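Here is how the chains run, residue by residue.
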Amino acid sequence: EDQVTQSPEALRLQEGESSSLNCSYTVSGLRGLFWYRQDPGKGPEFLFTLYSAGEEKEKERLKATLTKKESFLHITAPKPEDSATYLCAVQAGGNQFYFGTGTSLTVIP
Amino acid sequence: GAVVSQHPSRVICKSGTSVKIECRSLDFQATTMFWYRQFPKQSLMLMATSNEGSKATYEQGVEKDKFLINHASLTLSTLTVTSAHPEDSSFYICSARVFGSQETQYFGPGTRLLVL
């Protein structure tokens, strides 16, 4: 069964305290893995697309990596403005998109 | 990046009325748009996939007669919630897939619907 699981559900970090969010997936024929940021009451904002194991992408304090079974979103020296829910989505071979339930990140000044 | 807009951002209506939500891709053409709903602290639930010029494909359990989708052009899709009831209150989000590209979806800002 195709599935996407994100962990942890919630994460509280001190400003400057680096950490990683996890997205584990089991899908048939991965076509792409997507990371989004969602602020309360707003639609998801696109961050990254990863297509194959070993691929990495970076944007400011964020870095996404991909293996055959999971993806990590690394946050280096986070700031309070990085507080948001981070969603992971996977596109399977049949063109279906599967979303995780997200990780709610709070960065404390 | 690609920009997707939604209108209205917030709507309150009486039970039994119909509500139309517009989703526009502002700077690109989208052959495919998606409609999701999201409950508090939950992930996105795909309702339907909308292809320009053809009928929408609805996910299992989504009533197509209640949630009417029209994808009239490459930049506009509409979702009409017919005879809305309080249980239809939710956050509705559309997304658009960039024409001719890989599979990235770009999301609109969402529409908060409250049915009294």
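Residues numbered from 1 in each chain as written. Chains lettered and ligands numbered in written order. Predicted model: local features only at pLDDT ≥ 70, side-chain atom pairs only at ≥ 80, totals over all residues. Heavy atoms only, no water.

Some remarks on the interface of chain A and chain B
Moving on, step 1. In this complex, chain A contributes 19 residues to the contact, which on the side of chain B involves 19 residues.
Moving on, step 2. Summing both sides of the interface, chain A and chain B together bury roughly 1400 Å²; the carbon and sulfur share of this comes to 54%.
Moving on, step 3. Connecting chain A to chain B are five residue pairs in polar contact (both at pLDDT 80 or more).
Moving on, step 4. Looking at the side of chain A that touches chain B, the element that brings in the most residues is strand 4 (residues 32–38) of chain A, giving three residues. (Contact = heavy atoms within 4.5 Å. Buried area = accessible area lost by both parts, 1.4 Å probe. Polar contact = N/O pair within 3.5 Å; in protein donor to acceptor, adjacent residues only side chain to side chain. Helix = DSSP H or I, 4+ residues; strand = E, 2+ residues; numbered from the N terminus.)

A word on the pattern of salt bridges
All names here are of chain A.
Moving on, step 1. Under the definition given, this model contains six salt bridges over all chains.
Moving on, step 2. Here Arg-37 ties to Asp-39 by a salt bridge, and the two come within 3.1 Å at their closest N and O atoms.
Moving on, step 3. Overall, Asp-39 belongs to the partly exposed group, its relative accessible area being 23%.
Moving on, step 4. The partner of Arg-61 in a salt bridge is Asp-82, and the shortest N-O contact between them spans 2.8 Å. Of this pair, Arg-61 sits in the loop between strand 6 (56–59) and strand 7 (62–66) while Asp-82 sits in the loop between strand 8 (70–75) and strand 9 (84–91); the two residues are 21 residues apart in sequence, bridging distant segments of the chain. (Salt bridge = Lys/Arg side-chain N within 4 Å of Asp/Glu carboxyl O. Buried < 20%, exposed > 50% of the residue type's maximum accessible area, 1.4 Å probe, protein only.)

Thoughts on the pairing of strand 3 (residues 19–26) of chain A
All names here are of chain A.
Moving on, step 1. Sheet topology places strand 1 (residues 3–7) next to strand 3; five bridges connect them, and they run antiparallel. Across the sheet, the residue bridging to Ser-7 is Asn-22, located in strand 3.
Moving on, step 2. Both strand 3 and strand 8 contribute to a ladder of six bridges, which runs antiparallel. Each residue of the ladder has a partner; that of Ser-20, found in strand 8, is His-74. (Pairing = 2+ DSSP bridges.)

Quick notes on unusual backbone geometry
Moving on, step 1. Of note, the amide linkage connecting Ser-7 of chain A to Pro-8 of chain A takes the cis form, showing an omega dihedral of -10°.
Moving on, step 2. Mapped onto the fold, Pro-8 of chain A is located in the loop between strand 1 and strand 2 (10–14).
Moving on, step 3. Put simply, His-7 of chain B and Pro-8 of chain B share a cis peptide bond, and its omega is 0°.
Moving on, step 4. Along the chain, Pro-8 of chain B turns up in the loop between strand 1 (4–7) and strand 2 (10–13).
Moving on, step 5. Phi is positive for Glu-60 of chain A, which is not a glycine, with a value near 55°.
Moving on, step 6. Residue position: Glu-60 of chain A is located in the loop between strand 6 and strand 7.
Moving on, step 7. For Glu-60 of chain A, a relative accessible area of 72% puts it in the exposed group.

Looking at the state of the cysteines
Moving on, step 1. Per the counting criterion, the structure on display carries two disulfides over all chains.
Moving on, step 2. Each disulfide pairs two cysteine sulfurs, and for Cys-23 of chain A the partner residue is Cys-88 of chain A, the sulfurs being separated by 1.9 Å. What sets the handedness of the Cys-23 of chain A and Cys-88 of chain A disulfide is the S-S torsion sign, and at about -55° it is left-handed. Of this pair, Cys-23 of chain A sits in strand 3 while Cys-88 of chain A sits in strand 9, and the two are 65 residues apart along the sequence.
Moving on, step 3. On the basis of relative accessibility, which here comes to 0%, the residue Cys-88 of chain A falls in the buried class.
Moving on, step 4. With its sulfur 2.0 Å from that of its partner, Cys-23 of chain B forms a disulfide with Cys-94 of chain B. The sign of the S-S torsion, about 80°, decides the handedness of the disulfide formed by Cys-23 of chain B and Cys-94 of chain B: right-handed. Taken together, the residues Cys-23 of chain B in strand 3 (residues 19–25) and Cys-94 of chain B in strand 9 (residues 90–97) connect sequence positions 71 residues apart. (Disulfide = S-S within 2.5 Å.)

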